[in-house]
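A look at the structure
Each chain, letter by letter, is given below.
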Amino acid sequence: MTHKIILDTDPGIDDAMAIFFAFQSPDIDVLGLTTVYGNVPVTMSAKNALTLCELADKDIPVTKGVGMPWVGPESGYAHFVHGDDGFGNIDFPASDRQLDPRSSAQFIVDMARQHPGEITLVAIGPLGNLALALRLEPELPKLVKGVSIMGGAAFVPGNVTPVAEANIWNDAHAAEIVFAADWELNMFGLDVTNAVPFTPDFLDELESKNAKLGGFVKQSSQFYVDFYSQNREDRVCFFHDAMPLAHLTHPELFTLTRGHARVSTDPLNKGQTSVAPIGSTMSPLWLEATEINVATDVDHDKLRQLYVDTYALA
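Given the structure is predicted, the values throughout are model-derived calculations rather than measurements. (Residues numbered from 1 in each chain as written. Predicted model: local features only at pLDDT ≥ 70, side-chain atom pairs only at ≥ 80, totals over all residues. Heavy atoms only, no water.)

**Some remarks on the overall build of the protein chain**
We count it as follows: Secondary structure follows DSSP: runs of H or I at least 4 residues long count as helices, runs of E at least 2 residues long count as strands, and numbering of each begins at the N terminus. Computation of the radius of gyration draws on C-alpha atoms, with the globule rule given as 2.2 Å multiplied by the number of residues to the power 0.38. Here's how the labels work: a residue is buried when its accessible area is under 20% of the maximum for its type, exposed when over 50%, partly exposed in between, all with a 1.4 Å probe on protein chains only.
Looking only at helices and strands, one finds 14 helices and nine strands in the protein chain. Against the globule reference of 20 Å for 314 residues, the protein chain gives a C-alpha radius of gyration of 18 Å, in line with a compact fold. Principal-axis analysis of the C-alpha atoms places the extent of the protein chain at approximately 55 × 45 × 40 Å. Evaluated residue by residue, the protein chain yields a buried proportion of 57% over its 314 residues.

**Focus: the packing of helix 1 (residues 13–24) against helix 14 (residues 300–311)**
The condition is simple: To get an axis, fit a line to the C-alpha atoms, keeping to the stretch in contact for a helix; angles then go from 0 to 180 degrees between the N-to-C directions. Handedness of a crossing follows from how the near helix is turned relative to the far one, being left-handed for an anticlockwise turn of less than a right angle and right-handed for a clockwise one. Only heavy atoms enter the contact rule, under which two residues are in contact if any of them lie within 4.5 Å. Only Asp, Glu, Lys and Arg are considered charged, only Ala, Val, Leu, Ile, Met, Phe, Trp, Tyr, Cys and Pro nonpolar, and every remaining residue, Gly among them, polar.
One way to put it is that helix 1 packs onto helix 14 with a least axis distance of 9 Å and a crossing angle of 65 degrees. The two elements helix 1 and helix 14 meet at a crossing, and its hand is left-handed. Here helix 1 contributes Ala16, Met17, Phe20, Phe21 and Gln24 to the contact with helix 14, which in turn contributes Leu306, Tyr307, Thr310 and Tyr311. Across the contact of helix 1 with helix 14, the residue classes break down as seven nonpolar, two polar and no charged.

**Here's the deal with the environment of glycine 12**
By secondary structure assignment, the location of glycine 12 is in the loop between strand 1 (3–9) and helix 1. C-alpha of glycine 12 to C-alpha of glycine 86: the two residues are 74 residues apart in sequence and 4.8 Å apart in space. Those residues within four positions of glycine 12 in sequence are excluded, and the remaining contacts are Asn39, Asn48, His82, Gly86 and Phe87.

**Concerning the nonpolar core**
Here is the rule we go by: Among buried residues, those of type Ala, Val, Leu, Ile, Met, Phe, Trp, Tyr and Cys that are joined through side-chain atoms within 4.5 Å constitute a nonpolar core.
In terms of nonpolar packing, the biggest core is built from 62 residues, with Phe20, Leu33 and Tyr307 touching the most fellow members. In terms of residue count, the dominant contributor to this core is helix 1 (nine residues). Apart from the residues lying within four places of it in its own chain, the contact partners of tyrosine 307 are Met17, Phe21, Phe198, Phe202, Leu206, Phe239, Ala242, Met243 and Ala246.

**Observations regarding the sheet that holds strand 9 (residues 291–298)**
Our working rule: A pair of strands is labelled paired if DSSP reports no fewer than 2 bridges between them.
Ordered in space as 3-2-1-4-5-6-9-7-8, the nine strands form an open sheet in which the pairing is mixed. Each having just a single partner strand, strand 3 (62–64) and strand 8 (273–277) make up the two edges of the open sheet. Recorded for the sheet is a direction-independent mean angle of 30 degrees between the axes of neighbouring strands. Pairing between strand 1 and strand 2 (residues 28–35): seven bridges, direction parallel.

**Some points on the environment of alanine 18**
Structurally, alanine 18 is set in helix 1. For the pair alanine 18 and proline 244, spaced 226 residues apart in sequence, the C-alpha to C-alpha distance is 9.1 Å. Sequence-distant contacts of alanine 18, defined by excluding residues within four places in its chain, comprise Ile124, Asp241, Ala242 and Leu245.

**Things to note about helix 11 (residues 213–228)**
For the record, the criterion: In a helix, the anticipated span is given by 1.5 Å times the number of residues less one. The bend at a residue is defined as the angle formed between two axes, one fitted to the seven residues ending at that residue and one fitted to the seven starting there.
In this model helix 11 runs 22 Å from its N-terminal to its C-terminal C-alpha over 16 residues, within 8% of the 22 Å that 1.5 Å per residue would give. Approximately 45 degrees is the largest bend angle found in helix 11, and it occurs at serine 221. All of the buried residues along helix 11 are Leu213, Gly214, Gly215, Phe216, Val217, Ser220, Ser221, Tyr224, Val225 and Tyr228. Residues of helix 11 that are buried sit in contact with helix 1, helix 2 (42–55), helix 3 (79–82), helix 10 (200–209) and helix 14.

**Let's talk about the packing of helix 5 (residues 128–136) against helix 8 (residues 172–180)**
Counted only if it meets this: Our angle categories are set so that under 35 degrees counts as roughly parallel, over 145 as roughly antiparallel, 65 to 115 as roughly perpendicular, and the remainder as oblique.
Put simply, helix 5 and helix 8 touch, their axes get as near as 8 Å, and they point 55 degrees apart. Here helix 5 is positioned oblique relative to helix 8, judged by the angle of their axes. Remark: the crossing between helix 5 and helix 8 carries left-handed chirality. In this structure, helix 5 uses Gly128, Leu130, Ala131, Leu134 and Arg135 to contact helix 8, whose residues at the interface are Ala174, Ile177 and Val178. Grouping the amino acids of the contact of helix 5 with helix 8 by side-chain chemistry returns six nonpolar, one polar and one charged.

**Some remarks on the side chain of histidine 115**
Considering the arrangement of structural elements, one finds histidine 115 in the loop between helix 4 (104–114) and strand 4 (119–123). Here histidine 115 falls in the buried class, since its relative accessible area comes to 16%. Discounting chain neighbours no more than four positions away, the residues touching histidine 115 are Lys4, Leu31 and Leu143.

**Some details on the packing of aromatic side chains**
Short version of the rule: Two rings from Phe, Tyr or Trp (for Trp, the six-membered ring) form a pair when their centres sit within 6.5 Å of each other. Planes less than 30 degrees apart are called stacked, planes more than 60 degrees apart edge-to-face, and all others tilted. Ring-over charges, as used throughout, are those where CZ of Arg or NZ of Lys falls within 6 Å of the ring centre and within 35 degrees of the ring normal.
Counted under the stated rule, the structure contains 15 aromatic pairs. With 5.0 Å between their ring centres and 75 degrees between their planes, phenylalanine 227 and tyrosine 228 make a pair best called edge-to-face. The exposure class assigned to phenylalanine 227 is partly exposed, which follows from its relative accessible area of 24%. Of the residues examined, tyrosine 228 reaches a relative accessible area of 17% and is grouped as buried. Among the aromatic residues, ring-to-ring pairing joins Phe21, Phe80, Phe198, Phe202, Tyr224, Phe227, Tyr228, Phe238, Phe239 and Tyr307 into one connected group. Lying across the ring of tryptophan 169, lysine 270 places its NZ or CZ 4.0 Å from the centre.

The values are spatial; any link to function lies outside them.
Structure, rendered in structure tokens:
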């Protein structure tokens with residue numbers, strides 16, 4: 001079964017790894033990349049997405065989306081994680097391809113209308129584009145197959161604050177809109193993504209299987225590994241963003257917990273994704289909250305092998 005997706009992204013090193021995984025997978029049909037601010041400013045995000053498409057020989061639409069949080073000032077970005085260029089400061093030549101003229105939100109709406117019930121929205125950055133698409137087309141939840149996001153921290157600490165993960169924290173008000181919408185939402189947050197460290201030999205194997213795409217991931221990830229290896233005895237990094245895509249093609253690798261979810265927007269708890277598993281509470285405030293599926297476990301060894309095998313495909 002081939003999954004039609006729109007990949008909403010803010011490349012970003014782990015975004016690049018995820019985008020190439022989607023491009024390589026025979027079971028995923030990427031209709032377009034919609035870009036958003038997050039790891040880097042949105043203009044850089046869009047340019048980086050074009051560059052990744054050119055490197056992978058993929059001629060698909062790339063759009064530029066929201067560049068600011070739904071509420072509040074401009075983001076501070078994550079250059080300390082991804083480098084000044086979003087690619088680990090490797091000075092990779094930028095593409096001169098052109099963007100699709102539509103906004104990311106408009107592209108999402110247009111494609112959903114064109115392929116009703118067929119598209120999964122896979123969001124691996126802040127959720128401003130999806131929130132805006134919901135405002136442009138309130139019937140969007142009926143027009144898409146579902147939504148899978150990399151973001152949040154249900155039962156583990158956050159990575160920006162004690163309670164918030166970066167993608168959700170970056171645009172908590174947008175996340176609140178997206179989580180409250182009436183669609184099937186699967187969340188792949190720090191509960192699973194921080195549980196699977198990748199060591200340098202994984203990067204070596206990606207390069208050996210795919211010199212061009214795997215080589216790019218290995219080269220750009222050295223800065224990323226340096227960041228994650230601070231205060232650790234071993235060198236590791238975490239490829240958060242590929243997990244929702246892996247679940248599309250191999251759901252059997254994951255354990256998901258269903259529960260009522262809320263996103264906090266108050267200053268102290270901004271971006272917190274609180275989840276009450278089904279049957280765990282009788283509180284009306286929680287029972288009224290939308291139900292989502294939260295990934296809570298994954299088969300680490302099989303996931304690693306899936307990534308390697310997919311990169312090896314011609």
